[in-house]
Amino acid sequence: MTERETRWSCKKRTLNLWEWLTTPRGPSGHSYLHKAQFSLSLSSLFTVGGVVGTAKDIYLEKFGADAKTMGVLVTIASFAGPLNSFIVGQLQDR
């Protein structure tokens, strides 16, 4: 196989994979790519929550951070998450 044939073959495989990922399937009408994006968006929230909770505890215990300040920051971050999702959605719809 020449280099040109190899490149064409890889490009064709990539296009076939992309088509397979983006084709709507099942009763929901969503593609595998959209289903993966949705499930990752849910799991990432729990991961970030776990990391932020652990980091907050470390800052409070090890570094002597002010508990009120940390509480306010975590509360702001909790409200900013859904607000950011709304803003991103509006920007993507443009």
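Residues numbered from 1 in each chain as written. Predicted model: local features only at pLDDT ≥ 70, side-chain atom pairs only at ≥ 80, totals over all residues. Heavy atoms only, no water.

*Asks:* Before we move on, can you summarise the packing of aromatic side chains with the specific residues and values?
*Replies:* A full pass over the atoms with the stated rule returns 1 aromatic pair. With 5.0 Å between their ring centres and 45 degrees between their planes, Trp20 and Tyr32 make a pair best called tilted. Residue Trp20 is found in helix α1 (residues 3-22), and its partner Tyr32 is found in helix α2 (residues 32-62); the two are separated by 12 residues along the sequence. (Phe/Tyr/Trp six-rings, centres within 6.5 Å; stacked < 30°, edge-to-face > 60°. Helix = DSSP H or I, 4+ residues; strand = E, 2+ residues; numbered from the N terminus.)

*Asks:* Lay out the layout of surface pockets in plain terms, naming residues and giving numbers.
*Replies:* In this approach a probe as big as a water molecule rolls over the atoms, and the regions it shows empty are the leftover space. Taken as a whole, the largest pocket holds about 500 Å³ of empty space. As for the largest pocket, its lining consists of 16 residues, and the residues nearest its centre are Leu45, Val48, Gly81, Pro82 and Ser85. When its residues are assigned to classes, the lining of the largest pocket shows 7 nonpolar, 8 polar and 1 charged. (1 Å grid on protein atoms, 1.4 Å probe; cavity = no way out; pocket = protein on both sides within 12 Å on 5 of 7 lines; lining within 4 Å. Points joined across faces, edges and corners; volume = space filled by probe spheres on them. Nonpolar A, V, L, I, M, F, W, Y, C, P; charged D, E, K, R; others polar.)

*Asks:* Just give me the short version of a nonpolar patch on the surface, but keep the residues and values in it.
*Replies:* Among the surface-exposed residues, Leu83, Phe86, Ile87 and Leu91 lie close enough to one another that they form a single nonpolar patch of about 400 Å² accessible area. What makes Phe86 exposed here is its relative accessible area of 51%. (Patch = residues over 30% accessible without salt bridge, like charges linked within 9 Å, V, L, I, M, F, W, Y side chains within 5 Å. Areas by Shrake-Rupley, 256 points an atom, 1.4 Å probe, with all protein chains shown as cover. Salt bridge = Lys/Arg side-chain N within 4 Å of Asp/Glu carboxyl O. Buried < 20%, exposed > 50% of the residue type's maximum accessible area, 1.4 Å probe, protein only.)

*Asks:* Residues and numbers for the side chain of Ser31, please.
*Replies:* Residue position: Ser31 is located in the loop between α1 and α2. A polar atom in the side chain of Ser31 sits 3.0 Å from the side chain of His34. Each residue touching Ser31, except ones within four places of it in the same chain, is listed here: Leu21, Thr22, Thr23 and Pro24. (Polar contact = N/O pair within 3.5 Å; in protein donor to acceptor, adjacent residues only side chain to side chain. Contact = heavy atoms within 4.5 Å.)

*Asks:* Residue-level account of the confidence of the model for the protein chain, with values.
*Replies:* Taken over all residues, the pLDDT of the protein chain has a mean of 79, while the share at 70 or more is 90%. Looking across the protein chain, the model is least confident in α1, with a mean pLDDT of 77, and most confident in helix α3 (residues 67-93), with 81. (pLDDT = per-residue confidence, 0-100.)

*Asks:* An account of α3 is requested, with residue identities and associated values reported.
*Replies:* Side chains three or four residues apart in an α-helix point the same way, a direct result of the helix having 3.6 residues per turn. With 27 residues, α3 should cover 39 Å at 1.5 Å per step; its first-to-last C-alpha distance of 40 Å lies within 8% of that length. Along α3, the helix axis deviates most sharply at Ala80, where the bend reaches about 25 degrees; the proline Pro82 sits within four residues downstream. (Expected span 1.5 Å × (residues − 1). Bend = angle between axes of the 7 residues up to and from the residue.)

*Asks:* Now, about the packing of α2 against α3: what can you tell me, with residues and values included?
*Replies:* One can describe the packing of α2 onto α3 by two numbers: an axis separation of 10 Å at closest approach and a directional angle of 165 degrees. Judged by the angle between their axes, α2 and α3 are roughly antiparallel. Here α2 and α3 pass one another in a crossing that is right-handed. Only Ala67, Met70 and Val74 of α3 make contact with α2, whose side of the interface consists of Val52, Lys56, Tyr59 and Leu60. (Axes fitted to C-alpha atoms, helices over the stretch in contact; angles between N-to-C directions. Parallel < 35°, antiparallel > 145°, perpendicular 65-115°, else oblique. Left-handed = near helix turned anticlockwise from the far one by under 90°.)

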